[in-house]
Amino acid sequence: MADASTGRWQPRPHPPLGAHDVHVWRVPLDDASRAESYWTLLDDDERKRAVRFVRDVHRRRFIAAHGALRSILAGYVDAEPTALAFVSGEHGKPALRDATGHPPVEFNLSHSDDLALVAVARARPVGVDLERWSEVEHLELAERFFSPGERRALRALAHAPDLVEAGFFAAWTRKEAYLKATGHGITRGLHHFDVALAPGEPARLIADRFDAQAAVRWAMFALDPAPGYSAALVVASPVTEVLQLSV
Ligand SMILES: CC(C)(COP(=O)(O)OP(=O)(O)OC[C@H]1O[C@@H](n2cnc3c(N)ncnc32)[C@H](O)[C@@H]1OP(=O)(O)O)[C@@H](O)C(=O)NCCC(=O)NCCS
């Protein structure tokens, strides 16, 4: 499915979002020129969350991520960014509040270090995950978080540490994006489903032992937002186009 992805983070205003399209916006979080305007977009809850950060850099990045999220979503629903209201799903997945009970667009946000991604789709659940590569014990962490099949696939790369690192972050972001798309988070654990992680193999949900139809129900894409980051997108099938945009 990875070949449905088009465009390379184009800086352009909101293009039309078709019923089977997904738009993914890349948001730099250390852009000082926008910091003040983003603060004015936030509601009381977001401001309360922002001021709880101990470190300035984390507060600024939170404000940038949530200010940009509001600006992006406003462009799809023909409203002012400050007029948007959010609700939380059963496991905390945020959604736009809509009087009809059918939000006009669904979205998901991910942030890591100085970058965020916002995925937007029309009337279909979407999940996105972004991770900046960091020095961790890949094989050890995989033993804790990955399924037996994923661990085998990662161990098969052990002859080349750089492939282990790439495979680890590919799998991590794909797993997270799937958990975020379904909205379950880690409530059902992490071992009941398998994602492809081998270099050169397209991103794909191989199987979910809780949902026999999952592999056809969900489309998975690898994204390449910047050097040193891995990212993945999961959205309910079918998908015609994944458009990558830049604020
Ligand atoms: C939110 C969660 C689903 C992902 O968190 P994360 O990867 O640390 O952070 P991300 O930046 O990708 O995503 C955070 C955003 O997701 C959204 N979010 C929160 N709960 C969510 C949920 N249940 N489903 C989807 N999105 C959610 C929010 O917009 C949140 O942003 P905010 O905190 O600024 O409001 C987290 O609760 C979680 O389950 N983490 C799993 C950690 C783990 O063990 N992963 C192992 C992977 S192999």
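None of these values were measured; they are calculated from a predicted model. (Residues numbered from 1 in each chain as written. Predicted model: local features only at pLDDT ≥ 70, side-chain atom pairs only at ≥ 80, totals over all residues. Heavy atoms only, no water.)

Engineer: Teacher, can you tell me more about the overall build of the protein chain here?
Structural biologist: Within the protein chain, the regular secondary structure consists of 7 helices and 12 strands. For 247 residues, the compact-globule formula gives about 18 Å, and the C-alpha radius of gyration of the protein chain, at 18 Å, lands near that figure. C-alpha extents for the protein chain along the principal axes are approximately 50 × 40 × 35 Å. Residues counted as buried form 45% of the 247 residues belonging to the protein chain. Within the protein chain, contacts between residues separated by at least 24 positions form 61% of all contacts whose residues are at least 6 apart in sequence. Carbon together with sulfur atoms contributes 53% to the accessible area of the protein chain, which is approximately 12,100 Å² in total. For the protein chain, the distance from the average site of its 29 positive side-chain charges to the average site of its 33 negative ones is 2 Å. (Helix = DSSP H or I, 4+ residues; strand = E, 2+ residues; numbered from the N terminus. Rg over C-alpha atoms; globule rule 2.2 N^0.38 Å. Buried < 20%, exposed > 50% of the residue type's maximum accessible area, 1.4 Å probe, protein only. Contact = heavy atoms within 4.5 Å. Areas by Shrake-Rupley, 256 points an atom, 1.4 Å probe, with all protein chains shown as cover. Lys, Arg positive; Asp, Glu negative; His and termini not counted. Charge placed at Lys NZ, Arg CZ, Asp CG, Glu CD.)

Engineer: Please clarify how the nonpolar core should be interpreted in this entry.
Structural biologist: The tendency in soluble globular proteins is for nonpolar side chains to be buried side by side. Core analysis: the largest hydrophobic core is formed by 28 residues, its most contacted members being L73, Y76, V118 and V120. Every element with two or more residues in this core is listed here: β2 (21–28), α1 (32–41), α3 (56–77), β5 (106–112), β6 (115–121) and β12 (241–246). Tallying contributions element by element places α3 first for this core, with 10 residues. In contact with Y76, not counting residues within four places along its chain, are H14, P15, L17, H23, W25, V105, V120 and L245. L141, M220, V234 and A236 belong to the second-largest nonpolar core, a separate cluster that totals 26 residues. (Core = buried A, V, L, I, M, F, W, Y, C linked by side-chain atoms within 4.5 Å.)

Engineer: Please explain the site of the ligand as it appears in this structure.
Structural biologist: Taken together, the neighbourhood of the ligand is formed by 21 residues, with H66, S110, H111, E176 and K180 sitting nearest. At a separation of 2.6 Å, a nitrogen atom of the ligand approaches a polar side-chain atom of E176. Within the side chain of K180, a nitrogen or oxygen atom sits 2.8 Å from an oxygen atom of the ligand. A total of 920 Å² of accessible area belongs to the ligand in isolation, and the protein chains cover 78% of it. Judged by the fraction of its atoms near the pocket grid, the ligand is located in the largest pocket. Elements with a contribution of two residues or more to the shell around the ligand: α3, β5 and α6 (161–182). In terms of domain composition, the shell around the ligand takes at least three residues from each of domain 1 (2–124) and domain 2 (130–240). (Near = heavy atom within 4 Å. Polar contact = N/O pair within 3.5 Å; in protein donor to acceptor, adjacent residues only side chain to side chain. 1 Å grid on protein atoms, 1.4 Å probe; cavity = no way out; pocket = protein on both sides within 12 Å on 5 of 7 lines; lining within 4 Å. Sits in = over half its atoms within 2 Å of the grid points. Domains from an automatic or database assignment.)

Engineer: Quick question: what am I supposed to make of the domain arrangement of the protein chain here?
Structural biologist: Many authors give the size of an interface as the accessible area that is lost as the parts come together. Structurally, the protein chain comprises domain 1 (2–124) and domain 2 (130–240). Here the C-alpha centre of domain 2 lies 23 Å away from the C-alpha centre of domain 1. Of the residues lining the interface, 24 residues belong to domain 1; the matching set on domain 2 comes to 23 residues. Across the domain 1 to domain 2 interface the summed buried area is about 2,000 Å²; carbon plus sulfur atoms make up 59%. Summed over the shared surface of domain 1 and domain 2, the result is 3 salt bridges. With a closest N to O distance of 2.3 Å, R132 and D113 form a salt bridge. (Buried area = accessible area lost by both parts, 1.4 Å probe. Salt bridge = Lys/Arg side-chain N within 4 Å of Asp/Glu carboxyl O.)

Engineer: Honestly, the pattern of salt bridges in this entry has me stumped. Any pointers?
Structural biologist: Opposite charge on two side chains lets them pair, provided their charged atoms get close. On inspection of all chains with the given rule, the structure shows 14 salt bridges. When the shortest N-O distance is used, the salt bridge between R70 and D43 registers 3.2 Å. Placement of the pair is R70 in helix α3 and D43 in the loop between α1 and α2 (44–51), with a sequence separation of 27 residues. Under the relative-accessibility criterion, D43 is labelled partly exposed at 28%. The shortest N-O distance in the salt bridge between R70 and E46 comes to 2.9 Å. In this pair, R70 sits in helix α3 while E46 sits in helix α2, placing the two residues 24 residues apart along the sequence.

Engineer: Got a minute to help me understand α6 in this structure?
Structural biologist: Spacing of three or four residues puts side chains on the same side of an α-helix, whose turn is 3.6 residues. In a regular helix each residue adds 1.5 Å, so 22 residues correspond to 32 Å; α6 covers 32 Å between its end C-alpha atoms and thus fits that length. Once α6 ends, the next one or two residues include G183, with phi positive near 85°. (Expected span 1.5 Å × (residues − 1).)

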